[in-house]
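The lines below spell out each chain.
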Amino acid sequence: MAQLQLLPPHDEAPTAGATSEALRQEVTAHCGNDATAWAVQTSAGLCPDGQDALPELVALSVTFRLHHRKGLPASVVAEAESLVRTQVERGFDLAHGLGLIRSAHGRIAAAVLAACARIEDPDERTAAMTGTASLVFDAVDELSRLVSDRFAAERERWLAGPAAEQRAVVLSLVRGESVDVERAARKLCYDLRQNHVALVLWAERDSGAQELPRTAARLFNRLGCRSTLLVPMGGDGLWAWGLRPNGDTEGLAPLLAADPAVQVAVGLPSAGLAGFRTSHEQAMAAAQLGLRSATTGRVHTYRELELGALLARDEQAAADFVCRELGGLGDDSPSAGALRATLKCYLDHDRSVATVAQRLHIAKNTVLYRIKRAEQVRGRPLGDNRLQLHTALYLAETFGVSRPAVQPGVAPAVRTA
C-alpha cells in the first residue's frame, strides 16, 4: 500500500494541541511533525467548547496506527484514562465521550480518504483507501472500547469516593445552580458567607499533581487565610478557596520554586456566595489568560490580567485590532519585539526618554533611534490613534503577536465546569 502523506493544511494557522505535550512529542518521534500537526488540526473544533481532548486523541491514535499498524501505545492509553477520569468528575456520561469519538471518526476518515485520493496510481489509490479505512476503524474501535471500560471503572470509583459529594456541591455553586447555602456549607465544612479568595492550581500530567494540596496550603498561608476548601479536579488539578484573605497577592511566585511543574491562578477577594463564585470565575479567567500569555510566569493573578481579560474577550477581534494598529510592528521577530518593548515603555512613562533608557538599560540615543524606527515600521505617526496604539502594544506584550490558537492543552482544573 502506498505511504500516505498526512500533511497539515498550509492555509491554516498553527493550532495548539488539546492533549498533553508529552503525547504529541511521542507521536511526533514515531510519525513526524507533519503527521502530528495533521492530527491536531484535523480534530480541532470538534468539541463545542473547544476544551475536550478526546477528538485529538482519536486523531493521534489513528495517525500512530497508520504509521505502525499495531495497537495503541501506552501513552495513548494513559492519556485516555486521564481524560475519562476528568469527564467523570465533570459530570459527563459515557454517551458524551463516545459522541465525540464518533464525530472525530467521521472527520478523520474523510480527511484520510482525501489524502488517499492524492495518490496518482489508480490501483495504489484503491488499495490505500481500502487499507486505511480498515486501519482507521480498528484504531477508533480500540479507543472506544478502552474509553467504555475505563469509564465504568472510573465512575464506580468516583461515586464511592468521599470527595465526590463535595465536588458535586462545589460544581453546583460555581455553575450558579439553586442550592441551600447552609446545607452546602455544612457539607463543605466551609463558611460560604465570609470573604473569599479563589485559587486554581494545576500541574503537568503525571508531574507535580501530588504536591498541589501542599502548594495551596503555602499560598493560603501567605495570603493570610484562616480556613480553606480544597477540591481536586481530575488527576492534575485543584480548585481552592480561602477565608478572610489579606488581599496581598504579591510574593506568591517564590512559593512555587519547589514545584516547577505547578502553576496557579488567583482571583480577587470577594464576599458571600456570589463572591465564592466570582473569585473562582476570575481565577479561571486568569488561568486561561496566563496560559495564552507571552510571559513565562507561573503565578497568574486576575488583578494583573483583568485589563487583558476585558480587551481580549473576543480573541480574533483582539488579534485583528493588534495587527491593524501595529502594522509592521506586529511582526513576530526579535527586532520588532525590541521596537514594541521600547515604544510601550515610552508611552507608559509619558514619553520620557531618560526613564525608558534607565528601565531598559540602553542609551538615550538608542531609545530615540528605536522610537523613530518604530514610527517608520508602523507606517503612521505615533500620534495617530495613540490610545489604540498603546492598547495594541499592551495586548501584544501580554499575549504575543501570533494569531490566537484554539484552546491549548490544559489540566482539568482550568476547563470550564
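Parameters and conventions
- Residues numbered from 1 in each chain as written.
- Predicted model: local features only at pLDDT ≥ 70, side-chain atom pairs only at ≥ 80, totals over all residues.
- Heavy atoms only, no water.
- Helix = DSSP H or I, 4+ residues; strand = E, 2+ residues; numbered from the N terminus.
- Buried < 20%, exposed > 50% of the residue type's maximum accessible area, 1.4 Å probe, protein only.
- Contact = heavy atoms within 4.5 Å.
- Areas by Shrake-Rupley, 256 points an atom, 1.4 Å probe, with all protein chains shown as cover.
- Pairing = 2+ DSSP bridges.
- Axes fitted to C-alpha atoms, helices over the stretch in contact; angles between N-to-C directions.
- Parallel < 35°, antiparallel > 145°, perpendicular 65-115°, else oblique.
- Salt bridge = Lys/Arg side-chain N within 4 Å of Asp/Glu carboxyl O.
- Patch = residues over 30% accessible without salt bridge, like charges linked within 9 Å, V, L, I, M, F, W, Y side chains within 5 Å.
- Lys, Arg positive; Asp, Glu negative; His and termini not counted.
- Charge placed at Lys NZ, Arg CZ, Asp CG, Glu CD.
- Phe/Tyr/Trp six-rings, centres within 6.5 Å; stacked < 30°, edge-to-face > 60°.

**Let's talk about the overall build of the protein**
Working step 1: Each helix and strand in the protein was counted, giving 16 helices and six strands.
Working step 2: Sorting the 417 residues of the protein into buried and exposed places 47% on the buried side.
Working step 3: In the protein, of all internal contacts separated by at least 6 residues, the share reaching a separation of at least 24 is 75%.
Working step 4: Only carbon and sulfur atoms are counted for the fraction: they give 50% of the accessible area of the protein, which is about 19400 Å².

**A word on the pairing of strand S4 (residues 262-266)**
Side chains on a regular strand alternate between the two faces of the sheet.
Working step 1: Along S4, five of the five residues are buried, which leaves the element largely enclosed by surrounding structure.
Working step 2: Every second residue of S4 is oriented toward a common face, with Val262, Val264 and Val266 on one face and Gln263 and Ala265 on the other, all of them buried.
Working step 3: Bridge count for strand S1 (residues 195-203) against S4 is five bridges, and the pairing is antiparallel. Bridge pairing in S4 links Trp202 to Gln263.
Working step 4: Note: S4 against strand S6 (residues 299-301), three bridges, orientation parallel. Bridged to Val266 within S6 is Thr301.

**Regarding unusual backbone geometry**
Working step 1: Within the chain, Cys189 stands out as a residue other than glycine whose phi angle is a positive 55 degrees.
Working step 2: Inspection of the secondary structure puts Cys189 in the loop between helix H8 (181-188) and S1.
Working step 3: Positive phi outside glycine occurs at Asp350, with the angle close to 55 degrees.
Working step 4: Assignment of secondary structure puts Asp350 in the loop between helix H13 (334-348) and helix H14 (353-360).

**Points about the packing of H14 against helix H15 (residues 364-378)**
Two quantities define a packed helix pair, namely the angle between the helix axes and the distance between the axes.
Working step 1: Remark: H14 packs on H15, axes separated minimally by 9 Å, with the N-to-C direction vectors making an angle of 105 degrees. One element, H14, and the other, H15, form an angle in the roughly perpendicular class. From H14, Val353, Ala354, Val356 and Ala357 reach across to H15, where they touch Lys364, Val367 and Leu368.

**Comments concerning the environment of Ala396**
Working step 1: Looking at where Ala396 falls in the secondary structure, it is placed in helix H16 (residues 386-399).
Working step 2: According to the relative accessible area criterion, Ala396 is buried, its value standing at 6%.
Working step 3: Sequence separation between Ala396 and Arg340 is 56 residues, and the spatial gap between their C-alpha atoms is 8.3 Å.
Working step 4: For Ala396, the residues in contact, after removing those within four places along its chain, are Val322, Leu326, Arg340 and Val401.

**Details of the pattern of salt bridges**
If the charged atoms of two oppositely charged side chains come close together, the side chains can form a pair.
Working step 1: For the structure shown, the criterion picks out 11 salt bridges.
Working step 2: Linking Glu325 and Arg378 is a salt bridge whose minimum nitrogen-to-oxygen distance equals 3.4 Å. Of this pair, Glu325 sits in helix H12 (residues 315-326) while Arg378 sits in helix H15, and the two are 53 residues apart along the sequence.
Working step 3: Each of Glu325, Arg378, Arg380 and Asp384 takes part in a single network of salt bridges with overlapping partners.

**Focus on a negative patch on the surface**
Working step 1: Among the surface-exposed residues, Glu120, Asp121, Asp123 and Glu124 lie close enough to one another that they form a single negatively charged patch.
Working step 2: Within the secondary structure layout, Glu120 lies in the loop between helix H5 (94-116) and helix H6 (122-160).
Working step 3: Since its relative accessible area comes to 74%, Glu120 is described here as exposed.

**Here we look at the packing of aromatic side chains**
Working step 1: For the coordinates displayed, the defined rule picks out two aromatic pairs.
Working step 2: The interplanar angle of 10 degrees and the centroid separation of 4.2 Å between the aromatic rings of Trp241 and Phe276 together place this pair among those described as stacked. Linking Trp241 in strand S3 (residues 237-243) with Phe276 in helix H10 (residues 272-292), this pair joins segments that are 35 residues apart in sequence.
Working step 3: In this structure Trp241 comes out as buried when scored by relative accessible area, which is 0%.
Working step 4: Judged by its relative accessible area of 0%, Phe276 falls in the buried class.
Working step 5: Here the aromatic residues Tyr190, Trp241 and Phe276 are joined through ring pairs into a cluster of three or more.

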